[in-house]
Amino acid sequence: MSAAIYLDYNATTPVDPRVMEKMLPYFTEHYGNPSSHAHMYGWVANAAVERARSEVAECIGASRPNEIIFTSGATEGINTAIKGVAEAYSRRGHHIVTVQTEHSAVTHVCQYLERRGWRVTYLPVDSNGILCLDELKNSLTEETVLVCVMWANNETGVIQPITEVSELVQERGIPFMTDATQAIGKLPVSVEGIDVLVCSGHKVYGPKGIGAMFVRGRMRYSPLIDGGGQERGQRSGTHNVPGIVGMGEAFRLAKLEIERDNFHLSVLRDRFEQSLIEAGIEVRIHGIEAKRLPQTSSISFPNLNIERLLLSIRTLAVGTGSACGAGQRMPSSVLSAMGVEAEVAGQTLRISLGRPTTQEEIIEASELIINAVNRLYTKAA
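Computed from a predicted model, the values in this text were never measured in an experiment.

On to the side chain of Glu249, then. Along the chain, Glu249 turns up in helix H8 (residues 241–278). Exposure remark for Glu249: the relative accessible area of 6% places this residue in the buried category. Contacts of Glu249, omitting those with residues within four sequence positions, involve Arg18, Val19, Lys22 and Glu55.

What the three strands build is an open sheet, ordered S9-S10-S12; its pairing is antiparallel. Looking along the sheet, the strands with just one partner apiece sit at the ends: strand S9 (284–285) and strand S12 (348–352). Contacting S9, strand S10 (296–300) and S12, H8 runs over the sheet at an angle of about 15 degrees to S10.

Let us look at the nonpolar core. One finds Ile60, Phe70, Leu136, Val147, Trp151, Ile184 and Leu197 to be the most contacted residues of the largest nonpolar core, which totals 57 residues. Ranked by the residues each element gives to this core, the list is headed by helix H3 (residues 40–59), at seven residues. What Val147 contacts, discounting residues up to four positions off in sequence, is Val97, Leu136, Leu140, Val169, Ile174, Pro175, Phe176 and Met177.

Turning our attention to the packing of aromatic side chains. Under the defined criterion, the tally for this structure stands at two aromatic pairs. Ring geometry for Tyr6 versus Tyr9: centroids 4.8 Å apart, planes at 80 degrees, classification edge-to-face. Using a relative accessible area of 28% as the deciding quantity, one classes Tyr6 as partly exposed. Judged by relative accessible area, which is 7%, Tyr9 ranks as buried.

Before going further, it helps to examine the packing of H3 against H8. Here H3 crosses H8 at 30 degrees, and the two axes come no closer than 8 Å. What the angle tells us is that H3 and H8 run roughly parallel. As for how H3 packs across H8, the hand of that crossing is left-handed. Residue-level inspection shows Ala45, Ala48, Val49, Ala52, Glu55, Val56, Glu58 and Cys59 of H3 in contact with H8, the latter providing Val241, Ile244, Val245, Met247, Gly248, Glu249, Phe251, Arg252 and Lys255. Residue composition of the contact of H3 with H8, by class: 11 nonpolar, one polar and five charged.

Inspection of the entire model under this criterion finds 17 salt bridges. Residues Arg53 and Glu50 are paired through a salt bridge, measuring 3.0 Å at the closest nitrogen-oxygen approach. Residue Arg53 and its partner Glu50 are located together in helix H3, separated by three residues, close to a single helical turn. A relative accessible area of 7% places Arg53 in the buried class. Looking at Glu50, the relative accessible area reads 33%, which means it is partly exposed. Its salt-bridge partner being Glu257, residue Arg260 comes within 3.2 Å of it at the nearest N-O pair. Taken together, the residues Arg260 and Glu257, both in helix H8 and three residues apart, mark about one turn of the helix. For Arg260, a relative accessible area of 54% translates into the label exposed.

Okay, the sheet that holds strand S4 (residues 119–123) next. A sheet is described by the order of its strands in space; here seven strands give the open sequence S2-S8-S7-S6-S5-S3-S4, paired in mixed fashion. Two strands bound the open sheet, and with one partner strand each, they are strand S2 (68–71) and S4. Averaged over all pairs of adjacent strands, the angle between their axes in this sheet comes to 20 degrees, without regard to strand direction. Pairing of strand S7 (residues 196–200) with strand S8 (residues 211–215), which is carried by five bridges, proceeds in the antiparallel orientation. Residue Ser200 lies in a different strand from S8, and its bridge partner there is Gly211. Strands in contact with helix H4 (residues 74–88) are S2, strand S3 (95–99), strand S5 (144–148), strand S6 (176–179), S7 and S8; relative to S7, the strand with the most contacts, it is inclined by about 160 degrees. Across the sheet, helix H5 (residues 104–114) is in contact with S3, S4 and S5; its angle to S4 comes to roughly 150 degrees.

Moving on to the pairing of S3. With respect to burial, S3 is a largely interior element, five of its five residues being buried. Here S3 pairs with S4 via five bridges, running parallel. From the neighbouring strand, Ile96 faces S4, where its bridge partner is Val120. In this view, the connection linking S3 to its parallel neighbour S4 by way of H5 has right-handed handedness. Pairing of S3 with S5 involves three bridges; the strand directions are parallel. In the sheet register, Val97 faces S5, and the bridge partner there is Val147.

On to H3. For H3, built from 20 residues, the straight-helix expectation of 28 Å at 1.5 Å per residue is met to within 8% by its first-to-last C-alpha distance of 29 Å. Among all positions in H3, only Gly42, Ala45, Ala48, Val49, Ala52, Arg53, Glu55, Val56, Ala57 and Cys59 are buried. In the core, the buried residues of H3 are packed alongside helix H2 (25–28), S2, S8 and H8. Just downstream of H3 lies Gly61, where phi reads positive at about 75 degrees.

So, how was this worked out
Residues numbered from 1 in each chain as written. Predicted model: local features only at pLDDT ≥ 70, side-chain atom pairs only at ≥ 80, totals over all residues. Heavy atoms only, no water. Helix = DSSP H or I, 4+ residues; strand = E, 2+ residues; numbered from the N terminus. Buried < 20%, exposed > 50% of the residue type's maximum accessible area, 1.4 Å probe, protein only. Contact = heavy atoms within 4.5 Å. Pairing = 2+ DSSP bridges. Axes fitted to C-alpha atoms, helices over the stretch in contact; angles between N-to-C directions. Core = buried A, V, L, I, M, F, W, Y, C linked by side-chain atoms within 4.5 Å. Phe/Tyr/Trp six-rings, centres within 6.5 Å; stacked < 30°, edge-to-face > 60°. Parallel < 35°, antiparallel > 145°, perpendicular 65-115°, else oblique. Left-handed = near helix turned anticlockwise from the far one by under 90°. Nonpolar A, V, L, I, M, F, W, Y, C, P; charged D, E, K, R; others polar. Salt bridge = Lys/Arg side-chain N within 4 Å of Asp/Glu carboxyl O. Right-handed = clockwise from strand over helix to strand, strands pointing away. Expected span 1.5 Å × (residues − 1).

Below you can see the structure in the form of structure tokens.
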């Protein structure tokens, strides 16, 4: 593969070399099963899992590491949380509240429950992608058993007012869940006021195939996976020890380096956006008036064929929306919910920067896009 500028870090990040170094011994030297309690191989593996559990807990401000449950990723955590809470609280009611701009992992689970008789309220957002707290308040009923609000959007980087949402939901005694997959490592994340938090390793320079749930001790939910009783019976299956170790180290580093990373990324992101604006080409930056993650830009090029643009700059690796919606050429549901016209939503790039991104790469990427846009506009004229 020829060298390319990678600006799709919201889809996945490379494994940090420091993370890989921590993981390697658990593939070859410390290969025991944490459930093997009768010998040292199991003891060493179990100690590594518990150390990683503490590292994840510390990163998200959870005071009790035993409230962290390891999963295969955020999608499993979301399925476990929503389906599990729905079943456990079904005697209380059959109503769930979420937001139109949630990740498809949330919306598809909600649609699954709707087919089984549940009622789901999908809250609208304004033109910047922010939900209305009054609409949230008015949507809550005596039958509402769960509210799900994504902390930071994976396409636009728009940050929801999670503190205000949690306070409002807590007043009604309703469980509150947040998908913090994109927020961790870019925002100070705390589980205060949150009952369930879901996250993943591979968005924070950890490995793929590993994730975690924070579940507050008072919460009830039915496990999604039954079996050998691992994770205190809440998620059965042999532990992915190298992945868990890697996630723990990635989260430890994220907590240590968040301020430096955010300054670096926000400077580069702002420079990139400003260069497009100053070039005089027609662009729309979605959510620009809202609080956003420091490394994410959702940029539309009206009246331009985005596929032709991408074909003309093959050395630039960027996204066109959520990586989990790959292959689907439908307009982004996130942008549609924000009131963006279908024609404009379909001509959108998601630029997401990462820890390794350099100033030189941002300058080159902006020049590649500006030159390609000008060429395409000239041909169309």
